[in-house]
Amino acid sequence: MAPTEQAKEIIQCLKSLADPIKANFLQGYFKTGKGEYGEGDKFLGVKVPEQRKIASQFWRDVTLDDLKELIQNPYHEVRLTAVFILVKKFQKSKSEEEKQAIVKFYTANKQFLNNWDLVDSSAHKILGPWLYNKDRILLYELAHSGQLWDQRIAVISTFYFIDNNNFLDSLKIAEILLQHPHDIIHKAVGWMIREIGKRDYHTALQFLRQHYKNMPRTMLRYAIEKFEPETRHGFLRGTI
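Calculation rules
- Residues numbered from 1 in each chain as written.
- Predicted model: local features only at pLDDT ≥ 70, side-chain atom pairs only at ≥ 80, totals over all residues.
- Heavy atoms only, no water.
- Helix = DSSP H or I, 4+ residues; strand = E, 2+ residues; numbered from the N terminus.
- Rg over C-alpha atoms; globule rule 2.2 N^0.38 Å.
- Buried < 20%, exposed > 50% of the residue type's maximum accessible area, 1.4 Å probe, protein only.
- 1 Å grid on protein atoms, 1.4 Å probe; cavity = no way out; pocket = protein on both sides within 12 Å on 5 of 7 lines; lining within 4 Å.
- Points joined across faces, edges and corners; volume = space filled by probe spheres on them.
- Nonpolar A, V, L, I, M, F, W, Y, C, P; charged D, E, K, R; others polar.
- Axes fitted to C-alpha atoms, helices over the stretch in contact; angles between N-to-C directions.
- Parallel < 35°, antiparallel > 145°, perpendicular 65-115°, else oblique.
- Left-handed = near helix turned anticlockwise from the far one by under 90°.
- Contact = heavy atoms within 4.5 Å.
- Polar contact = N/O pair within 3.5 Å; in protein donor to acceptor, adjacent residues only side chain to side chain.
- Domains from an automatic or database assignment.
- Buried area = accessible area lost by both parts, 1.4 Å probe.
- Salt bridge = Lys/Arg side-chain N within 4 Å of Asp/Glu carboxyl O.
- Core = buried A, V, L, I, M, F, W, Y, C linked by side-chain atoms within 4.5 Å.
- Phe/Tyr/Trp six-rings, centres within 6.5 Å; stacked < 30°, edge-to-face > 60°.
- Lys NZ or Arg CZ within 6 Å of the ring centre and 35° of its normal.

- As named in an unreviewed UniProt entry, the protein is 3-methyladenine DNA glycosylase AlkD, taken from Cecembia rubra.

### What about the overall build of the protein?
Logical step 1: Regarding its fold elements, the protein presents 15 helices and zero strands.
Logical step 2: For the protein, the C-alpha radius of gyration of 19 Å lies close to 18 Å, the compact-globule estimate for 240 residues.
Logical step 3: Expressed as lengths along the three principal axes of its C-alpha atoms, the size of the protein is roughly 60 × 45 × 30 Å.
Logical step 4: For the protein, the residues scored as buried account for 50% of the 240 residues in total.

### Things to note about the layout of surface pockets
Logical step 1: Each pocket or cavity is described by its volume, and for the largest pocket that value is around 190 Å³.
Logical step 2: Taken together, Lys-31, Tyr-37, Trp-116, Arg-152, Asp-183, Ile-184, Lys-187, Trp-191 and Tyr-222 make up the full set of residues lining the largest pocket.
Logical step 3: It is helix 12 (residues 183–199) that provides the largest number of residues to the lining of the largest pocket, a total of four residues.
Logical step 4: Residue composition of the lining of the largest pocket, by class: five nonpolar, no polar and four charged.

### Looking at the packing of helix 1 (residues 5–16) against helix 3 (residues 48–58)
Logical step 1: Close contact between helix 1 and helix 3 brings their axes to 10 Å; oriented N to C, the two are set at 155°. Accordingly, the angle class assigned to the pair helix 1 and helix 3 is roughly antiparallel. Both helix 1 and helix 3 take part in a crossing whose hand is right-handed. Touching Gln-6, Glu-9, Ile-10, Cys-13 and Leu-14 of helix 1 are Gln-51, Ile-54 and Phe-58, all from helix 3.
Logical step 2: Tallied by class, residues from the contact of helix 1 with helix 3 come to five nonpolar, two polar and one charged.

### Brief notes about the side chain of Arg-152
Logical step 1: By the secondary structure assignment, Arg-152 is in helix 10 (residues 148–163).
Logical step 2: Exposure remark for Arg-152: the relative accessible area of 5% places this residue in the buried category.
Logical step 3: At a separation of 2.5 Å, a polar atom in the side chain of Arg-152 contacts the side chain of Asp-120.
Logical step 4: Dropping the residues within four chain positions of it, Arg-152 is found in contact with Trp-116, Val-119, Asp-120, Ile-184, Ile-185, Ala-188 and Trp-191.

### Notes on the domain arrangement of the protein
Logical step 1: The assigned domain composition of the protein is domain 1 (1–114) and domain 2 (123–239).
Logical step 2: For domain 1 versus domain 2, the distance between C-alpha centres works out to 27 Å.
Logical step 3: Of the roughly 1,300 Å² buried at the junction of domain 1 and domain 2 (both faces included), carbon and sulfur atoms supply 76%.
Logical step 4: Our count for the contact surface shared by domain 1 and domain 2 stands at two salt bridges.
Logical step 5: Across the pair Asp-150 and Lys-110 runs a salt bridge whose closest N-O atoms are separated by 3.0 Å.

### A closer look at the nonpolar core
Logical step 1: In terms of nonpolar packing, the biggest core is built from 75 residues, with Leu-70 and Leu-208 touching the most fellow members.
Logical step 2: Formed jointly, this core draws a minimum of three residues from each of two domains, domain 1 (1–114) and domain 2 (123–239).

### Focus on the packing of aromatic side chains
Logical step 1: Applying the stated criterion across every chain, the model contains 12 aromatic pairs.
Logical step 2: When the ring of Tyr-37 is compared with that of Trp-149, the centres are 5.8 Å apart and the planes differ by 75°; the resulting orientation is edge-to-face. Placement of the pair is Tyr-37 in the loop between helix 2 (20–29) and helix 3 and Trp-149 in helix 10, with a sequence separation of 112 residues.
Logical step 3: By relative accessible area, which is 22% here, Tyr-37 ends up partly exposed.
Logical step 4: On the accessibility criterion, Trp-149 (11% relative accessible area) is buried.
Logical step 5: Ring centres 5.5 Å apart and planes at 70° place the aromatic pair Phe-159 and Trp-191 in the edge-to-face group. Separated by 32 residues along the polypeptide, Phe-159 in helix 10 and Trp-191 in helix 12 bring together distant segments of the chain.
Logical step 6: Feature note: the residues Phe-25, Tyr-29, Phe-30, Phe-43 and Trp-116 constitute an aromatic cluster, connected by ring pairs.
Logical step 7: The ring of Phe-84 has Arg-52 lying over it, and the distance from NZ or CZ to the ring centre is 4.0 Å.
Logical step 8: A cation sits over an aromatic face here: Arg-136 above Phe-161, 3.8 Å from the ring centre.

Below, the structure written as structure tokens:
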């Protein structure tokens, strides 16, 4: 399939803003080396605010066919711009049918959401609100998938639930991923526990008391970051 005119125009806009020095920095920052979590990813070196500006300019006229070209592009900034557009279209959709089509597109192309910023810019803004009043089994399937970015999508999607004071799925998924080998998941789970604690301290405290001795250190540190120093030190010393 030939690239659509809209997709070509967006890619051209992004390439016109390319900065090779920043691209080189981003390839290190997003761990694109051999064996790293972002292995093989390519960067143009475009700043996020510039990507958001392009997304704001084009989102109304971009179709899902256009977005397919963008979200499957080898350049990270093109994929992230596609994510910004997709989120905007979801938030502005006036019907369930439109939202469902966007969710279907999102899940069909989730393999291209292959770094933490792509996930963190979208999961709790698309899957979270879509699943809020629906069966949430998809998130458990993602959590059990064994695929790093699927698992991060599962965790981050629950941020929407947390923001609506609904904590159960976040904690259940945290339990599933408690012994995950990768710090990308440790950070995401710890972050969600911290967010629960900001809204319901006792729920987070109870969960941590039950599980903290089996948690990876990074997950624990993220989870307790906002606690009072005495409580935080107690967890780190293992005396809670």
